[in-house]
Amino acid sequence: RMKGVIGTGSMNDPYMPLEEKYGLTRRALEVIDHHGFGVHVNTKSDLVLRDADLLLRINRVQATVAFSVSTADDSLSRKVEPGAPPTSARLAALRALAGRGLPVGICMMPILPFLEDTPENITAIVELAVANGASFIMSWFGMSMRDRQREYFYTRLDHLFPGVRARYERAYGEGEHPFKGRFGQSLTEAARPPAGAEQDPMWEVIRACLEKDPHAR
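Residues numbered from 1 in each chain as written. Predicted model: local features only at pLDDT ≥ 70, side-chain atom pairs only at ≥ 80, totals over all residues. Heavy atoms only, no water.

## Brief notes about the confidence of the model for the protein
- Considering every residue of the protein, the mean pLDDT works out to 85; 80% of them sit at 70 or more.
- Predicted confidence in the protein is weakest over helix H10 (residues 201-212), with a mean pLDDT of 51, and strongest over helix H5 (residues 87-99), with 98.
- Across residues 212-217 the pLDDT falls below 50, and counting only partners more than four positions away or on other chains, this stretch makes 15 contacts in the model. (pLDDT = per-residue confidence, 0-100. Helix = DSSP H or I, 4+ residues; strand = E, 2+ residues; numbered from the N terminus. Contact = heavy atoms within 4.5 Å.)

This is how it looks when you write it as structure tokens:
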């Protein structure tokens, strides 16, 4: 029967810090390789480089790695994602895997309203993705605000970014549905190729992302 591709990283990162000690993800990849399945990895960690040998073997079927990146600024990434390597480390890992022939890209989500949704940031992420060998960008422009999530998020906002909370409260009210803001317009501007780059396959990938994602408008 036809075998599928096993996805990891949708609910938690397969390369959280504990993975370095326990190697559970590596053992899972060994099982995937043994049974001839493909795999897609979503992660914020450069620890994935440890398993490059396994991923290359699995890529005889299919293996892709997407690094979650929502800001081009290391100082901001350290604030909003304190448990993860900074953006520059993820991009270096992306470049290393691309150099070994593994399909890699960027998972551009979630873009935090009022902190990361500037045209400059979106443009920088796209340009860094291209420069480091990404072959795709997956985007989702919107962030939910559920009850318990809201309380924790607002507490952290007050601590790290005083004054920003009021903008969220005006945008979300008491609702929890994704607030999309100007994300899509920022990516649309970033996806316009520079002169002479119209034939670059990377720009076609970005255009395809925009066409398939109804929220990137």
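## Considering the layout of surface pockets
- Of the voids in this model, the largest pocket is the one considered here, and its volume is about 1,300 Å³.
- Lining the largest pocket are 43 residues, with Lys 44, Ser 68, Val 80, Glu 81 and Pro 110 sitting closest to its centre.
- If you list the elements that add at least two residues to the lining of the largest pocket, you get strand E2 (38-43), helix H4 (74-80) and helix H7 (147-160). (1 Å grid on protein atoms, 1.4 Å probe; cavity = no way out; pocket = protein on both sides within 12 Å on 5 of 7 lines; lining within 4 Å. Points joined across faces, edges and corners; volume = space filled by probe spheres on them.)

## Considerations on the nonpolar core
- By size, the foremost hydrophobic cluster in this structure holds 31 residues, and its most contacted members are Leu 29, Val 39, Leu 55, Val 65, Leu 97, Ile 106 and Met 108.
- Mapped onto this core, the elements with two or more residues apiece are helix H2 (24-35), E2, helix H3 (52-58), strand E3 (63-68), H5, strand E4 (104-108) and helix H6 (119-131).
- Those residues in contact with Val 39 that lie beyond four places of it in its chain are Val 5, Ile 6, Thr 8, Leu 29, Ile 32, Leu 55, Ile 58, Gln 62, Ala 63 and Thr 64.
- Grouped together as the second largest cluster of nonpolar side chains are 12 residues, Leu 76, Tyr 154, Phe 161 and Tyr 168 included. (Core = buried A, V, L, I, M, F, W, Y, C linked by side-chain atoms within 4.5 Å. Buried < 20%, exposed > 50% of the residue type's maximum accessible area, 1.4 Å probe, protein only.)

## Topic: the side chain of Ser 70
- In this structure, Ser 70 sits in the loop between E3 and H4.
- Discounting chain neighbours no more than four positions away, the residues touching Ser 70 are Glu 81, Pro 110, Ile 111, Glu 116, Asn 121 and Ile 125.

## Points about the environment of Thr 8
- Here Thr 8 shows up in strand E1 (residues 5-8).
- On the basis of relative accessible area, Thr 8 is assigned to the partly exposed category, the value being 21%.
- Sequence separation of Thr 8 and Asn 42 is 34 residues, and the distance between their C-alpha atoms is 6.1 Å.
- Beyond its immediate stretch of four places on either side in the chain, Thr 8 contacts Pro 14, Val 39, His 40, Val 41 and Asn 42.

## Side note on the packing of aromatic side chains
- If you walk through the whole model with that rule in mind, you get 5 aromatic pairs.
- Note on Phe 153 and Tyr 168: the rings are 5.2 Å apart at their centroids and 70° apart in plane angle, and the pair reads as edge-to-face. Of the two residues, Phe 153 is situated in helix H7 and Tyr 168 in helix H8 (residues 165-172); the sequence distance between them amounts to 15 residues. The same class applies to Phe 153 and to Tyr 168, which are both buried.
- With a centroid separation of 6.5 Å and 70° between ring planes, the pair formed by Tyr 154 and Tyr 168 is classed as edge-to-face. On the criterion of sequence distance, the pair formed by Tyr 154 in helix H7 and Tyr 168 in helix H8 is long-range, its members being 14 residues apart.
- Put simply, the rings of Phe 114, Phe 153, Tyr 154, Tyr 168 and Tyr 172 touch in pairs and so form one group of aromatic residues. (Phe/Tyr/Trp six-rings, centres within 6.5 Å; stacked < 30°, edge-to-face > 60°.)

## Remarks on the pattern of salt bridges
- By the definition in use, this model includes 11 salt bridges.
- Residue Glu 81 is joined to Arg 90 by a salt bridge in which the shortest nitrogen-to-oxygen separation is 2.6 Å.
- Salt bridges sharing common partners tie together Glu 19, Arg 26, Glu 30, Arg 50, Asp 51 and Asp 53. (Salt bridge = Lys/Arg side-chain N within 4 Å of Asp/Glu carboxyl O.)

## As for unusual backbone geometry
- Omega for the bond connecting Met 109 with Pro 110 falls within 30 degrees of zero, at -10°, which places this linkage in the cis form.
- Within the secondary structure, Pro 110 sits in the loop between E4 and H6.
- One non-glycine residue, Phe 114, lies in the positive phi region at around 70°.
- Of note, Phe 114 is situated in the loop between E4 and H6.

## Quick look at the packing of H7 against H8
- The N-to-C vectors of H7 and H8 enclose an angle of 150°; their axes lie 9 Å apart at closest approach. Where H7 abuts H8, its residues Arg 150, Phe 153, Tyr 154, Leu 157 and Asp 158 lie against Arg 165, Tyr 168, Glu 169 and Tyr 172.
- Considering only residue class, the contact of H7 with H8 consists of 5 nonpolar, no polar and 4 charged. (Axes fitted to C-alpha atoms, helices over the stretch in contact; angles between N-to-C directions. Nonpolar A, V, L, I, M, F, W, Y, C, P; charged D, E, K, R; others polar.)

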